[in-house]
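Reading the structure
Take a look at the letters that make up each chain.
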Amino acid sequence: MGSLVKKEETSSSLMTEFLEKCGGYAVVDGGFATELERHGADINDPLWSAKCLITSPHLVTKVHLDYLESGANIIITASYQATIQGFVAKGLSVGEAENLLRRSIEITCEAREIFYNRCTKGSWDFAYAGTASRRPVLVAASVGSYGAYLADGSEYSGIYGDSVSKETLKDFHRRRVQILAKSGADLIAFETIPNKLEAEAYADLLEEEGIEIPAWFSFTSKDGVTVPRGDSVVECAKVADSCKKVVAIGINCTAPRYIHDLIISLRQVTRKPIVVYPNSGEVYDGLNKKWIKSGEESEEDFVSYVSKWRDEGASLFGGCCRTTPNTIRAIAKVLSSESPAASKLKLKQ
Ligand SMILES: C[S+](C)CC[C@H](N)C(=O)O
Ligand SMILES: N[C@@H](CCS)C(=O)O
Ligand SMILES: [Zn+2]
């Protein structure tokens, strides 16, 4: 009992202490798969970005490093669409599939080490922290939804059919979550969650499997009120709020224009830190694996929203699909010019 309480306290303090170290607000990285694509990777494949764990791990390292150089405090692994079932369908053995999952975390941890070794006294990083300390960086192990594995864009419909129950989803995710939790990541990022059922499955798994690292649950929305399956974001957030292992709740891969109202909805039901990392506002065509411009998106608009999102109560900010290191650099700049550490620096000058 004592050790259970201890673990839960450790979970909830990880994010609080991390945010304190970051000056109150933290920068999450940006679109990962779409950045691999921008560097020439062909991810038109059922494995999507996870294909690069096999074909071009050097690009995975490069994208992580680019985001670290841009100011990210949290870097998310390439495991979004890396599933044992998906790798086995490609002809890999279960053992090879499990090793690739572990490798996704190792590559990210290695990138953090490379970045730390590159940081020298006098770099902007030291000025950012206001002390001679290293910038805090967490590694978040990405878990994409069952819809991501289906590889038809169905994380944007959330419709899995009546044959897929909560138990089906738990069985689908169980082994991957167990492996990722023991691979050296600081937390698990359950991302782009499209329905309440999958959030419930994740919450059950975290509790039943005694997963020892904390997690965030991040939902996607196409209307600013519901997740794609039609469940209200408020109801989904309640599931996340009541799970003790969950240390932040948020929204990702959603058009920036919906984020403000979604933060207000989340705040109605949780006091946990809120994480937002919207996409560029473009819409994904899951059949052709292409992004379609809506004409409403612009990087300037995205970045100008950040202080409004902060005022509504979010504390972790980044980008999802089709955002780039430029977006993250701009977010880091907005936050560092307004953080308590930065204010102290200004006062000293
Ligand atoms: C977040 S969506 C853009 C991820 C890709 C999708 N699961 C697919 O395979 O098409
Ligand atoms: N972490 C994933 C999320 C896709 S919605 C990525 O950035 O590729
Ligand atoms: Zn995305």
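Quick notes on the rules
Residues numbered from 1 in each chain as written. Chains lettered and ligands numbered in written order. Predicted model: local features only at pLDDT ≥ 70, side-chain atom pairs only at ≥ 80, totals over all residues. Heavy atoms only, no water. UniProt positions renumbered as here; feature names shortened; annotations may be inferred. Contact = heavy atoms within 4.5 Å. Helix = DSSP H or I, 4+ residues; strand = E, 2+ residues; numbered from the N terminus. Core = buried A, V, L, I, M, F, W, Y, C linked by side-chain atoms within 4.5 Å. Buried < 20%, exposed > 50% of the residue type's maximum accessible area, 1.4 Å probe, protein only. Donors = N, O, S within 2.8 Å, 3.2 Å for Na, K, Ca; no water. Tetrahedral: all angles 85-135°; square planar, octahedral: opposite > 155°, others 65-115°. Near = heavy atom within 4 Å. Polar contact = N/O pair within 3.5 Å; in protein donor to acceptor, adjacent residues only side chain to side chain. Areas by Shrake-Rupley, 256 points an atom, 1.4 Å probe, with all protein chains shown as cover. Nonpolar A, V, L, I, M, F, W, Y, C, P; charged D, E, K, R; others polar. Pairing = 2+ DSSP bridges. Axes fitted to C-alpha atoms, helices over the stretch in contact; angles between N-to-C directions. Phe/Tyr/Trp six-rings, centres within 6.5 Å; stacked < 30°, edge-to-face > 60°. Lys NZ or Arg CZ within 6 Å of the ring centre and 35° of its normal.

Under an unreviewed UniProt entry, the name given to the chain is Hcy-binding domain-containing protein, and the organism recorded is Capsella rubella. According to its UniProt record, the chain has this under Cofactor (unreviewed entry): "Zn(2+)". The Function (unreviewed entry) comment attached to the chain in UniProt states, word for word, "Catalyzes methyl transfer from S-methylmethionine (SMM) to adenosyl-L-homocysteine (AdoMet). SMM degradation (by HMT-1, HMT-2 and HMT-3) and biosynthesis (by MMT1) constitute the SMM cycle in plants, which is probably required to achieve short term control of AdoMet level."

**What to know about the UniProt feature "binding site: Zn(2+)" (unreviewed entry) in the chain**
The positions that UniProt labels "binding site: Zn(2+)" (unreviewed entry) are, in the present scheme, C253, C320 and C321. The greatest C-alpha distance among the annotated residues, which extend across 69 residues, is 6.3 Å, indicating that they converge on a single site. Residues within four places of C253 in sequence aside, it is in contact with Y156, T192, T220, Y277, P278, N279, W291, C320 and C321. Assignment of secondary structure puts C320 in the loop between β10 (314-317) and α14 (325-338). Sequence-distant contacts of C320, defined by excluding residues within four places in its chain, comprise G30, G31, N252, C253, Y277, P278 and N279.

**Some words on the nonpolar core**
One finds F190, W216, F217, F219 and L316 to be the most contacted residues of the largest nonpolar core, which totals 110 residues. Looking at which element gives the most residues to this core, the answer is helix α6 (residues 94-118), with nine residues. Contact partners of F219, with chain neighbours within four places excluded, come to I193, A199, V227, C236, A237, A240, I249, G250, I251, N252 and T254. Counting residues in each nonpolar core, the second largest holds six residues, with Y146, Y160, V164 and A201 among its members.

**With respect to the coordination of the zinc ion (ligand 3)**
C253 (SG), C320 (SG) and C321 (SG) make up the full set of protein donors to the zinc ion (ligand 3), lying at 2.2 to 2.4 Å. Coordination at the zinc ion (ligand 3) comes from four donor atoms whose angles at the metal span 95 to 128°, giving a geometry best classed as tetrahedral. Linear spacing of the donor residues for the zinc ion (ligand 3) on their chain is C-x66-C-C. Linking C253 in the loop between β6 (246-252) and α12 (259-269) with C320 in the loop between β10 and α14, this pair joins segments that are 67 residues apart in sequence. Under the relative-accessibility criterion, C253 is labelled buried at 4%.

**With respect to the site of ligand 2**
If you check the shell around ligand 2, you find G31, F32, A33, W48, Y80, E191, T192, C253, C320 and C321 and nothing else. Backbone polar atom of F32 to an oxygen atom of ligand 2: 2.8 Å apart, as the coordinates give it. Within the side chain of E191, a nitrogen or oxygen atom sits 2.9 Å from a nitrogen atom of ligand 2. Coverage of ligand 2 by the protein chains reaches 96% of its 280 Å² of free accessible surface. Along the lines of polarity and charge, the residues of the shell around ligand 2 split into seven nonpolar, two polar and one charged.

**So, the pairing of strand β5 (residues 215-219)**
Most of β5 is tucked away, with five of its five residues classed as buried. Residues A215, F217 and F219 of β5 are buried on one face, and the alternating residues W216 and S218, pointing to the opposite face, are buried as well. Summarising the sheet, strand β4 (residues 187-193) and β5 pair through four bridges and their orientation is parallel. Across the sheet, F190 pairs through a bridge with F217, a residue of β5.

**Notes on the site of ligand 1**
Near ligand 1 you find W48, Y80, Q81, A148, A151, G153, E155, Y156, Y284, K289 and W291, and these make up its full shell. Between a nitrogen atom of ligand 1 and a main-chain N or O atom of A148, the distance comes to 3.4 Å. In isolation ligand 1 offers 330 Å² of accessible surface; the protein chains occlude 100% of this area.

**Considerations on the sheet that holds strand β2 (residues 74-76)**
Here eight strands make up an open sheet; going across it, the order is β1-β10-β7-β6-β5-β4-β3-β2 and the pairing parallel. Strands with a single pairing partner mark the edges of an open sheet, and in this sheet they are β1 (26-27) and β2. Its contacts with the sheet put helix α10 (residues 196-208) on β3 (138-143), β4, β5 and β6, and the angle it makes with β5 is roughly 175°. Taken strand by strand, helix α11 (residues 233-241) contacts β5 and β6, and its axis lies near 155° from that of β6.

**Structural notes on the packing of aromatic side chains**
Within this structure, the stated rule accounts for 15 aromatic pairs. Ring plane angle 80° and centroid distance 5.1 Å describe the contact between Y146 and F172, whose orientation is recorded as edge-to-face. In this pair, Y146 is assigned in helix α8 (residues 146-150) and F172 in helix α9 (residues 166-181), connecting sequence segments 26 residues apart. Following the ring pairs from residue to residue traces out a cluster consisting of Y146, Y149, Y160 and F172. In this structure, R134 packs its charged tip against the face of Y116, placed 3.8 Å from the ring centre.

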